[in-house]
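Chain by chain, the residues run as shown.
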Amino acid sequence: MLTIPFQHGLILAGILFSIGAMSLIIRRNIFFILLSIEIMLNAAGLAFVVAGAHWGQPEGQIMFIFILTMAAAEVSVGLAIVIQLYRRYKTLDVDAANEMQG
Amino acid sequence: MDLPDFLKILPLVVLAGTTVVLMLVIAFWRNYKVTFFITLIGLIVAFITLPFGVSNKSLQITSILVINGSTVFYLGLLIAGCLIAVLLSYEYIEKFEGNREEYYILLLLATLGSSILVASDHFVSFFLGLEILSVSLYGLIAYPHNLRQRIEAAIKYLILAGATSAILLFGMALIYTVLGTMEFSRIAISGAQPGNQNVMVLAGWGLLTVGIGFKLALVPFQYWTPDVYQGAPAPVTGFIASVSKGGMFALMLRYFSRVDIFANSSLLALFAAIAVASMLYGNIVALMQHNVKRILAYSSIAHLGYLLVAFLASGSLGPQAVAFYLVAYFITTLSAFGVITLISTPEHEIEELKDYESLVWRHPILATIFTISLLSLAGIPPSVGLIGKIFIAAAGVQSSLWVLLGSLIVGSVIGVFYYLRIVITMFRPPEEQVESVISLPSIYTTGGVVLSLLTFLIISLGIYPLPIMQIIARMISTLP
Amino acid sequence: MDVAFYIAAAVAIFSTIMTITRLNAVHALLYMILSLLSVALIFYTLGAPFIAALEMIIYAGAIMVLFVFVVMMLNLGPHAVEQERILLRATAWIAPAFLALILLAELVYILVQGGGGFASIGVMEPQQVSTALFGPYLIGVELASILLLAGLMGAYHIGRRY
C-alpha cells in the first residue's frame, strides 16, 4: 500500500518524542508537564504501530492499546493529585511546591 | 489455557480476586477490621497456592508469562513482604481520619503488579506489571493527603515515573523494530544472529535501562528517592523500598540472563559503572543527612548497588547471592521502616534524628529492634545482612570483579558511620526531662509482634542461614 | 497515499510545537487534539484503521477532554497567563532545544543504519487484532482492566475533600 521506508515513520516518532522531552524540561506549570508526558507516550505508541506494520504483526497495535490504557489511568490519578496540589499550595507552579530539599 | 496452566498462576488470580472481594465488602459494609482480615486471608491463601507452580522445567503461560522455580521463589518473597507491610500498617492507617479501607486495595494491587513483573516473559507483561505497580503507588504515596509533603512526593514520583515509562516504551519499540518479536526468549535467539547485532538494538537496551534504573533507584536515576521516601507515609515507604524494587530486580535478572548480558561488553561496563556510582554516591551523601527517612533512602541506593555486584557475577553463585541478599534486604528494610511506622501517626511523621534522642531510655524494646535492623543494614555480625554481603563478595570473587568488590568494601565502611550515628543518638543518656512528642506503643500490638518476629529472623538467619540457602539452591537455577 | 502520510506528519509536528509554546492551557490542549487527529490519520495510512479509530475516540476524545475539564474547573484566569509569559522568555528555550536536537540527530543516525523495508505491507484487519487479543494476549486484557481499577481507586480517594 505505502511505498515509503519505515524509517520515516520512526523518525517522525522520534521528532515528536524529542519535542515532548524538550517541553518536559522547560515548562513549570504542572498541566504542561503532564501534557508533555502524554506527547511522549503518544510518540512511543506511534513507533510501536510503525514497527508492527513493518513486520505485519498485530503486536504493535496490541501494545498501543495497552499504552492507551496506561495513559488513561495515569492521567486520571495525575489530575486528582493536581487538584489536591492546587488546594494545598494555591499555585500550579512546581518550583513553588518544592519544599523538601533535594 | 486449560486447568493445569490456570492452577500455576493461581497466586496472581487469588490476589486479584481478593481485591474484587474487598471492593464488594466495602460497598455493603465499611468496617476497618473486616477489611484487614479479608486482606490477610487473601494473602495467606495466595501464599498457600504457590507450590502448584513448582516443577522441574519452565512453563510458558500463553507466551507472556513464565512460571518456574525462581518465579515461585520471588512470588513467595513478594507476597510475604506485602503481608508484613499490611500487618505493620494496621495501627498506622487506623488513625487516619478519612476512608481507610481503600489503602488495602491499593496495596494488594501494587503487589499484583510487582508479581506480574516477576513472572513476565514478554514486553507486554513487563509494561503492564510495571504500570499497575506505578499507578497503585501514586495512590499510596498520596494516601493520607492531609500533609503537604505527601502531595509533593506524589507529584515528583508521578512526573518522573511517567517520563521514564515513555522512554522505556521507546526503547522497547526500537528493539521490536529490529528483531520483530517481543518475547524474551525469541529476542535472545534472534538477537544472537549476526545480522541483527546493530546499534539500534543497543540503543533500545540503553533506553530500557533508563526505565529499569528509575524503578530501582540507581545512579543517575535516583533523584526521586529521598523526597519520595521522606514525603510518603512510613509503611508505604517500606513497601516501595522492598516489594517494588524486588519485583523489578527479579525481572531484570530474567531479561538480562535470557538475552545473555555477559556476551555484550558495553552493557556490562554500563552496569558496572552504575553499580560503583550507586554504592559510592548513596553512602557518601547519607553522611550529611539528619532525617532518618532520607538516611534510609540513600542507604537503599547503596544497597541496590551491592545487589548489582551479585547480578554482574556470571558464575553459579550470582543468582543465588542475589536471591539471598534480597531476602535479607526485605526483612531488614521492613523492620527499619516498621519501627518508624509504629511511633508515627498520619498527621505527624517522626523522621528527624533529634526525635530519636534517648529512645532507649523511653522505650527499650523498640530501640533495640531498630538497633538490630540498622546493624544488619551495616553488615555487622551476627545479623543476616553480614551473611548476605559475604555471599555477594563470594560471587564477586568467583567472577574476579575486583573494582566492584573494592567499592563494595569502601561503601560498607562508610555506611557504618551513619548507621552507628543513629544508634548512638538513641543510646544517649537523657539530659533533661524531654517532652515526648512520640506515641510510644506497647509491644503487644500487631505491629509490635511482627517487628519482634522480624528481629528474631534477622538474628537467627545471621547465625544459621542454611535453611534459606537450601531453599534458594533448590529453586533457583543459573538461568531464571 | 504517500503524500497523505507526509502532509499528516507535517501537521502533527507543527501542532505539537504549537502545543508546547502556548501560554494558555486551553489553547495548548486544542492544538494537542489537532496533533492527535493527524497521528490518527497516519495510523490509517499505515494500514491500522482500528487503531486510528481508538486514538481518536480514547486519546483525543476522552483523555484530552478530561484535561480540559480539570483546567476549566480550576479556573485560573488571566493572572496565570501573565505568569507563564514571564516564565517563558524566548532565551529560555535555547538550551533545551539544543539538547533535543542532539538527541534527535543521534536517533536519526541510528535509524538510517537499519536495513530497507517498507512501512506497511497491507491493511491489518481489526479481526486479526482481536483474534490476537482473545488468544495469546488474553491475560494482557485482564491486566489492562486491573490497571484501570488501580487508577480508579487512586483517583477516587485522592480527589476527596477532607
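Residues numbered from 1 in each chain as written. Chains lettered and ligands numbered in written order. Predicted model: local features only at pLDDT ≥ 70, side-chain atom pairs only at ≥ 80, totals over all residues. Heavy atoms only, no water.

## Some thoughts on the overall build of chain C
No. 1: Per the secondary structure count, chain C includes 7 helices and 0 strands.
No. 2: From first element to last, N terminus to C terminus, chain C shows the α and β order α-α-α-α-α-α-α.
No. 3: Since a compact globule built from 162 residues should have a radius of gyration of about 15 Å, the 20 Å found for chain C marks it as more spread out than a globular shape.
No. 4: Along the three orthogonal principal directions, the C-alpha set of chain C runs to about 50 × 45 × 25 Å. (Helix = DSSP H or I, 4+ residues; strand = E, 2+ residues; numbered from the N terminus. Rg over C-alpha atoms; globule rule 2.2 N^0.38 Å.)

## A short note on the interface of chain C and chain A
No. 1: With 83 residues of chain C in contact, the opposing surface of chain A contributes 64 residues.
No. 2: Together chain C and chain A conceal approximately 6900 Å² of surface at their shared face, both sides included; 78% is due to carbon and sulfur atoms.
No. 3: Where chain C packs against chain A, one counts 8 residue pairs in polar contact (both at pLDDT 80 or more).
No. 4: Of all elements in the fold, only helix 1 (2-21), helix 2 (25-45), helix 3 (49-74), helix 4 (78-87), helix 5 (94-113), helix 6 (126-134) and helix 7 (138-158) of chain C reach the threshold of two or more residues within the side of chain C that touches chain A.
No. 5: At 14 residues, helix 3 of chain C tops the list of elements feeding residues into the side of chain C that touches chain A. (Contact = heavy atoms within 4.5 Å. Buried area = accessible area lost by both parts, 1.4 Å probe. Polar contact = N/O pair within 3.5 Å; in protein donor to acceptor, adjacent residues only side chain to side chain.)

## What to know about the layout of surface pockets
No. 1: Each pocket or cavity is described by its volume, and for the largest pocket that value is around 1400 Å³.
No. 2: Forming the walls of the largest pocket are 47 residues, and the residues nearest its centre are L24 and I25 of chain A together with L160, A163 and I167 of chain B.
No. 3: Secondary-structure elements contributing two or more residues to the lining of the largest pocket are helix 1 (6-26) and helix 2 (30-55) of chain A, helix 8 (148-179), helix 10 (199-216) and helix 11 (224-231) of chain B together with helix 5 of chain C.
No. 4: In terms of residue count, helix 8 of chain B provides more of the lining of the largest pocket than any other element does, 10 residues in total.
No. 5: Approximately 640 Å³ is the volume found for the second largest pocket.
No. 6: As for the second largest pocket, its lining consists of 26 residues, and the residues nearest its centre are F47, G76, L77, A80 and I468 of chain B. (1 Å grid on protein atoms, 1.4 Å probe; cavity = no way out; pocket = protein on both sides within 12 Å on 5 of 7 lines; lining within 4 Å. Points joined across faces, edges and corners; volume = space filled by probe spheres on them.)

## Details of the packing of aromatic side chains
Residues and elements named next belong to chain B.
No. 1: One pass over the structure, following the stated rule, counts 30 aromatic pairs over all chains.
No. 2: Ring centres of F256 and F271 lie 5.2 Å apart, and the angle between their planes is 75 degrees; this geometry places the pair in the edge-to-face category. One end of the pair, F256, is in helix 12 (residues 234-258); the other, F271, is in helix 13 (residues 265-286), with 15 residues separating them in the sequence. One exposure class covers both F256 and F271, and it is buried.
No. 3: Geometrically, the ring pair formed by Y418 and Y419 is tilted, given 4.7 Å between the ring centres and 50 degrees between the ring planes. (Phe/Tyr/Trp six-rings, centres within 6.5 Å; stacked < 30°, edge-to-face > 60°. Buried < 20%, exposed > 50% of the residue type's maximum accessible area, 1.4 Å probe, protein only.)

## Let's talk about the confidence of the model for chain C
No. 1: On average, residues of chain C score 87 in pLDDT, and 94% of them are at 70 or above.
No. 2: Across the interfaces of the predicted complex, the ipTM metric reaches 0.95, alongside a pTM of 0.94. (pLDDT = per-residue confidence, 0-100.)

## Side note on the interface of chain B and chain C
No. 1: Contacts between chain B and chain C engage 38 residues on the former and 23 residues on the latter.
No. 2: Taken over both partners, the interface formed by chain B and chain C buries close to 2500 Å², and the fraction arising from carbon and sulfur atoms is 83%.
No. 3: It is N99, L128 and H145 of chain B that lose the most area in chain B upon contact with chain C, and together they represent 19% of the buried surface on that side.
No. 4: Summed over the shared surface of chain B and chain C, the number is 0 salt bridges.
No. 5: Inspection of the region where chain B meets chain C yields 3 residue pairs in polar contact (both at pLDDT 80 or more).
No. 6: The biggest single contributor to the side of chain B that touches chain C is helix 7 (residues 123-141) of chain B, with 8 residues.
No. 7: Looking at the side of chain B that touches chain C, its residues break down into 25 nonpolar, 10 polar and 3 charged. (Salt bridge = Lys/Arg side-chain N within 4 Å of Asp/Glu carboxyl O. Nonpolar A, V, L, I, M, F, W, Y, C, P; charged D, E, K, R; others polar.)

## Let's talk about the nonpolar core
All names here are of chain B.
No. 1: Counting residues in each nonpolar core, the largest one holds 295 residues, and the members touching the most others are Y74, F123, F126, M172 and F249.
No. 2: No other element matches helix 8, which puts 20 residues into this core.
No. 3: Setting aside chain neighbours within four positions, we find Y74 in contact with V118, A250, L253, P319, V322, A323, L326 and I476. (Core = buried A, V, L, I, M, F, W, Y, C linked by side-chain atoms within 4.5 Å.)

## Section: the pattern of salt bridges
No. 1: Inspection of the entire model under this criterion finds 12 salt bridges over all chains.
No. 2: Across the salt bridge formed by R28 of chain A and D95 of chain A, the nearest N and O atoms sit 3.0 Å from each other. Taken together, the residues span a long stretch of sequence, with R28 of chain A in the loop between helix 1 and helix 2 and D95 of chain A in the segment after helix 3 (59-89) at a distance of 67 residues.
No. 3: A relative accessible area of 29% places R28 of chain A in the partly exposed class.
No. 4: For D95 of chain A, a relative accessible area of 44% translates into the label partly exposed.
No. 5: For K293 of chain B, the salt bridge goes to E349 of chain B, with nearest N and O atoms at 2.8 Å. Taken together, the residues K293 of chain B in helix 14 (residues 292-312) and E349 of chain B in the loop between helix 15 (317-343) and helix 16 (359-362) connect sequence positions 56 residues apart. Comparing K293 of chain B with E349 of chain B, the two get one shared label, buried.

## A closer look at a nonpolar patch on the surface
No. 1: Taken together, the side chains of L287, M288, I409, V413 and F417 of chain B present a nonpolar region at the surface, about 550 Å² in accessible area.
No. 2: One can find V413 of chain B in helix 19 (residues 402-427). (Patch = residues over 30% accessible without salt bridge, like charges linked within 9 Å, V, L, I, M, F, W, Y side chains within 5 Å. Areas by Shrake-Rupley, 256 points an atom, 1.4 Å probe, with all protein chains shown as cover.)

## What to know about the side chain of K245 of chain B
No. 1: Tracing the backbone through its elements, the reader meets K245 of chain B in helix 12.
No. 2: There is no salt bridge for the buried K245 of chain B, and the closest opposite charge comes from D227 of chain B, which lies 14 Å off by N-O distance. (Lys, Arg positive; Asp, Glu negative; His and termini not counted.)

## What about unusual backbone geometry?
For residues that are not glycine, phi is negative in most cases, and the peptide bond is trans in most cases.
Residues and elements named next belong to chain B.
No. 1: That bond from V219 to P220 is cis: its omega, 0 degrees, falls within 30 degrees of zero.
No. 2: Relative to the helices and strands, P220 is located in the loop between helix 10 and helix 11.
No. 3: One non-glycine residue, S400, adopts positive backbone phi at about 60 degrees.
No. 4: As for its position among the elements, S400 is in the loop between helix 18 (384-398) and helix 19.

## Focus: the side chain of H157 of chain C
No. 1: Considering the arrangement of structural elements, one finds H157 of chain C in helix 7.
No. 2: Of the residues examined, H157 of chain C reaches a relative accessible area of 0% and is grouped as buried.
No. 3: Engagement of the side chain of H157 of chain C in a polar contact is seen with the backbone oxygen of Y143 of chain B, the distance being 2.8 Å.
No. 4: In contact with H157 of chain C, other than residues within four places in its own chain, are F96, N99, Y143 and H145 of chain B together with Y162 of chain C.

## A closer look at the packing of helix 7 of chain B against helix 10 of chain B
Helix-helix packing: each pair is described by the crossing angle between the helix axes and the interaxial distance.
Residue and element names in this part refer to chain B.
No. 1: Closest axis-to-axis distance for the helix 7/helix 10 pair is 13 Å, and the angle between their directions is 35 degrees. Every pair of crossing elements has a handedness; the one defined by helix 7 and helix 10 is left-handed. Contact with helix 7, carried on its side by F123, F126, L130, L133, S134 and L137, involves L208, I212 and K215 of helix 10 and no other residues of that element.
No. 2: Taken together, the residues that form the contact of helix 7 with helix 10 break down as 7 nonpolar, 1 polar and 1 charged. (Axes fitted to C-alpha atoms, helices over the stretch in contact; angles between N-to-C directions. Left-handed = near helix turned anticlockwise from the far one by under 90°.)

## A few points about the environment of L216 of chain B
No. 1: Within the secondary structure, L216 of chain B is located in helix 10.
No. 2: Not counting residues up to four positions away in its chain, the partners in contact with L216 of chain B are K245, M248, F249, M252 and L304 of chain B.

## So, helix 13 of chain B
Residues and elements named next belong to chain B.
No. 1: Given a rise of 1.5 Å per residue, 22 residues ought to cover 32 Å, and the 32 Å separating the end C-alpha atoms of helix 13 matches this to within 8%.
No. 2: Among the residues making up helix 13, those that are buried are L267, F271, I274, A275, S278, M279, G282, N283, V285 and A286.
No. 3: Buried positions along helix 13 lie against helix 10, helix 12, helix 14 and helix 19. (Expected span 1.5 Å × (residues − 1).)

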